[in-house]
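Results of the structural survey
Residue-level listing of the chains:
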Amino acid sequence: MTKIQKGKIVSIHYTLKGDDGEVIDSSEGGEPLEYLHGAGNIVVGLESGLDGRATGEKFDVKVAPKDGYGVHDPRGVQRVSRDSFPDDIDLEPGMQFGADDPEGDSQTIWIVKVEDENVVIDMNHPLAGKTLHFAVAVHGVREATGEEVAHGHPHGPHGHHHH
Ligand code: ZN
């Protein structure tokens, strides 16, 4: 049986819950999630929980914030003018925007709250600071192609190149 290790393309079904048991995300009812092991395609805590596992195994992986989406940095929460956003967009909590930080790097921001004149934004990932509870079933493990290793991601079961 092929074990999960660096350089394997792994497909999993998973359900992700928060501390309160609420389902945050799940692949159930859809296609399994496929990723390249060891390439940082998924959060590091889940990746290390999958290390050495094989097809057919089912298990739980608990991921601390530092091994998930990071700890929540309060400095990432800011109140900015509504004018910073395009007029023609109806802003709602949970919306995601790309922005350039002062160094010119692109940064993702999330809308937390919309007020009359201002908008509260958060530069932390919405799952930052949360302990992640994954229930995982390994669906398949295969060797990555040279092209997949070079790109750092899987190209799908039929070799499609989708980015
Ligand atoms: Zn590619």
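Computed from a prediction, not measured in an experiment: that's the story for all the values here. Sequence order sets the numbering: in each chain, residues are counted from 1 along the sequence as written. Confidence filtering applies because this is a predicted model: local features only for residues at pLDDT of at least 70, side-chain atom pairs given and counted only at 80 or more, and all residues used for totals across whole chains, interfaces and linings. Excluded from the side-chain calculations are hydrogens and water; all other atoms, namely the structure's heavy atoms, are used.

To continue, consider the overall build of the protein chain. To qualify as a helix, a DSSP run of H or I must reach at least 4 residues; to qualify as a strand, a run of E must reach at least 2; elements of each kind are numbered from the N terminus. In terms of helices and strands, the protein chain carries 2 helices and 9 strands. Ordered by position from the N terminus, the helices and strands of the protein chain form the series β-β-β-α-β-β-β-β-β-β-α. On the principal axes, the C-alpha backbone points of the protein chain span a range of 60 × 35 × 30 Å. Looking at the protein chain residue by residue over its 163 residues, the buried ones come to 34%. Note on definitions: a residue-residue contact is assigned when non-hydrogen atoms from the two residues lie within 4.5 Å. Nonlocal contacts in the protein chain, meaning residues at least 24 apart in sequence, comprise 60% of its contacts between residues at least 6 apart. Each accessible area is a Shrake-Rupley estimate made with a 1.4 Å probe; only the visible protein chains count as cover when residues are assessed. For the protein chain, the exposed area adds up to about 9900 Å²; of that, 48% sits on carbon and sulfur atoms. We call a residue buried when its accessible area falls under 20% of the maximum for its residue type, exposed when it is over 50%, and partly exposed in between, using a 1.4 Å probe and counting protein chains only.

We now examine the pattern of salt bridges. Each reported salt bridge corresponds to a side-chain nitrogen of Lys or Arg within 4 Å of a carboxyl oxygen of Asp or Glu. On inspection of all chains with the given rule, the structure shows 8 salt bridges. The closest approach of N and O atoms between Arg53 and Glu57, which form a salt bridge, is 2.9 Å. Taking the shortest distance from any N to any O, the salt bridge between Glu115 and Arg79 comes out at 2.8 Å. Taken as a pair, Glu115 in the loop between β7 (106–114) and β8 (118–122) and Arg79 in strand β5 (residues 77–81) lie far apart in primary sequence, 36 residues in all. Beyond isolated ion pairs, a larger network of salt bridges with shared partners links Glu34, Arg142 and Glu148.

A surface patch of like charges, here negative, comprises Asp83, Asp87, Asp88, Asp116 and Glu117. Mapped onto the secondary structure, Asp87 falls in the loop between β5 and β6 (96–100). Given a relative accessible area of 74%, Asp87 falls into the exposed group. The patches described consist of residues with a relative accessible area above 30% and no salt bridge, like charges being joined within 9 Å and nonpolar side chains (Val, Leu, Ile, Met, Phe, Trp, Tyr) within 5 Å. Charge counting follows a simple rule: Lys and Arg are positive, Asp and Glu are negative, and His as well as the terminal groups are ignored. We put the charge of a Lys on NZ, of an Arg on CZ, of an Asp on CG and of a Glu on CD.

A few words on the side chain of Asp122. Turning to its location among the elements, Asp122 is positioned in strand β8. Notably, Asp122 is buried but unbridged: the nearest opposite-charge side chain belongs to Lys130, and the N-O separation is 9.9 Å. Not counting the four nearest positions on each side in its chain, Asp122 is found in contact with His72, Gly76, Val77, Ile109, Trp110 and Val112.

Strand pairing is assigned whenever DSSP detects at least two bridges linking the two strands. Pairing between β6 and β7: 5 bridges, direction antiparallel. Counted as the bridge partner of Asp100 is Ser106 from β7. Taking the residues that link successive antiparallel strands as the turn, the β6-β7 hairpin has 5 residues, and the phi of Gly104 there is positive, at about 90 degrees. In this structure, β7 lies alongside β8, joined through 4 bridges in antiparallel fashion. Note on β8: the bridge partner recorded for Trp110 is Asp122. The turn joining β7 and β8, which pair antiparallel and follow one another in sequence, is formed by 3 residues.

What follows is about the domain arrangement of the protein chain. As annotated, the domain borders come from an automatic or database domain assignment. By domain assignment, the protein chain separates into domain 1 (8–69 + 128–159) and domain 2 (74–122). The C-alpha centroid of domain 2 is placed 30 Å from the C-alpha centroid of domain 1.

All right, on to the sheet that holds β7 then. Strand order across the open sheet formed by 4 strands is β5-β8-β7-β6, with antiparallel pairing between neighbours. Only two strands of the sheet have a single partner each, and these edge strands are β5 and β6. For this sheet, the mean angle separating the axes of adjacent strands, direction not counted, is 45 degrees. In this analysis an axis means a line fitted to C-alpha atoms, helices contributing only their contacting stretch, and an angle means the value between N-to-C directions, from 0 to 180 degrees.

Further remarks concern the environment of Tyr14. Within the fold, Tyr14 resides in strand β1 (residues 8–17). Tyr14 sits in the buried class, given a relative accessible area of 13%. Note: C-alpha distance between Tyr14 and Ala137 (123 residues apart in sequence) is 6.3 Å. Beyond its immediate sequence surroundings of up to four residues, Tyr14 is in contact with Asp25, Ser26, Ser27, Glu28, Leu33, Phe134, Ala135 and Val136. Polar contacts, as used here, are pairs of N or O atoms within 3.5 Å; protein pairs need one atom able to donate a hydrogen and one able to accept it. Residues neighboring in sequence count only if both atoms are side-chain atoms. Within the structure, the side chain of Tyr14 is placed 2.7 Å from the side chain of Asp25, a separation counted as a polar contact.

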